[in-house]
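Structural overview
Chain by chain, the residues run as shown.
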Amino acid sequence: MTGLYNHSSCYELLDLEFRNYRRYGAGVSVILLDIDDFKLVNDCRGHQEGDRIIIELARTMTEQARSSDICCRFGGEEFVVIVPHTSLEDLESLAERLRLEVASGIVADKGECLSVTISVGGACVASICAVEDGESLLELADEC
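If you're wondering where the values come from, they're calculated on a predicted model, not measured in any experiment. (Residues numbered from 1 in each chain as written. Predicted model: local features only at pLDDT ≥ 70, side-chain atom pairs only at ≥ 80, totals over all residues. Heavy atoms only, no water.)

**Points about the sheet that holds strand S1 (residues 28–35)**
The sheet built from 4 strands is open, its strands ordered S2-S3-S1-S6 with antiparallel pairing. For this open sheet the edge positions go to strand S2 (70–75) and strand S6 (118–124), each flanked by a neighbour on one side alone. Looking at each pair of strands side by side, their axes are set apart by 20 degrees on average, direction ignored. Strand direction decides the pairing type here: S1 and strand S3 (residues 78–84), joined by 7 bridges, are antiparallel. For Leu33, the partnering residue across the bridge sits in S3 and is Phe79. Sheet strands touched by helix H1 (residues 7–24): S1, S2 and S3. Its angle to S2, the strand with the most contacts, is close to 135 degrees. (Pairing = 2+ DSSP bridges. Helix = DSSP H or I, 4+ residues; strand = E, 2+ residues; numbered from the N terminus. Axes fitted to C-alpha atoms, helices over the stretch in contact; angles between N-to-C directions. Contact = heavy atoms within 4.5 Å.)

**Re the nonpolar core**
In this structure, Ile31, Leu33, Ile35, Met61, Phe79 and Val81 are the most contacted members of the largest nonpolar core, which totals 24 residues. At the level of elements, S1, helix H2 (38–45), helix H3 (47–64), S3, helix H4 (88–103) and S6 are the ones that each hand at least two residues to this core. Other than its neighbours up to four places away in sequence, Leu33 contacts Met61, Glu77, Glu78, Phe79, Val81, Leu98, Ile118, Ser119 and Val120. Core analysis: the second largest hydrophobic core is formed by 18 residues, Leu14, Val30, Val80 and Ala123 among them. (Core = buried A, V, L, I, M, F, W, Y, C linked by side-chain atoms within 4.5 Å. Buried < 20%, exposed > 50% of the residue type's maximum accessible area, 1.4 Å probe, protein only.)

**Quick look at a negative patch on the surface**
Negative charge collects at one region of the surface, where Glu12, Asp15, Asp133, Glu135, Glu139, Asp142 and Glu143 lie side by side. Taken together, the elements giving at least two residues each to the negative patch come down to H1 and helix H5 (134–143). Here the negative patch gets 4 residues from one element, more than from any other, and that element is H5. With respect to the element layout, Asp142 can be found in helix H5. (Patch = residues over 30% accessible without salt bridge, like charges linked within 9 Å, V, L, I, M, F, W, Y side chains within 5 Å. Areas by Shrake-Rupley, 256 points an atom, 1.4 Å probe, with all protein chains shown as cover. Salt bridge = Lys/Arg side-chain N within 4 Å of Asp/Glu carboxyl O. Lys, Arg positive; Asp, Glu negative; His and termini not counted. Charge placed at Lys NZ, Arg CZ, Asp CG, Glu CD.)

This is how it looks when you write it as structure tokens:
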């Protein structure tokens, strides 16, 4: 539906980037995005509108991310961006761009602008020594 990588592909690609980090020392980061109050959108506006919002968020992610970043739909209303070879500052910049772009509104079926917000968490392995693998990095991003 979104053209993004799925949950299992996300783990595979994150593990690959984490192995690259271990071998070459280039940092890897993740951003975890969650659409706020998404159940209300489905309940009040219907699942078709919910699907459209998911598609629009996927489009926004791919537009805002670098060509080397990997955008994934992690599940339901959760998304992940794997950001290889990046610093904590670059990670924060991308996360803020995504948050602001989504907050600017998504045009609904009838031309009205829907106010959609996302919660964003991120973690950068180059700045955290205790992370053992990609899954741990995702867990850390989820806590932020």
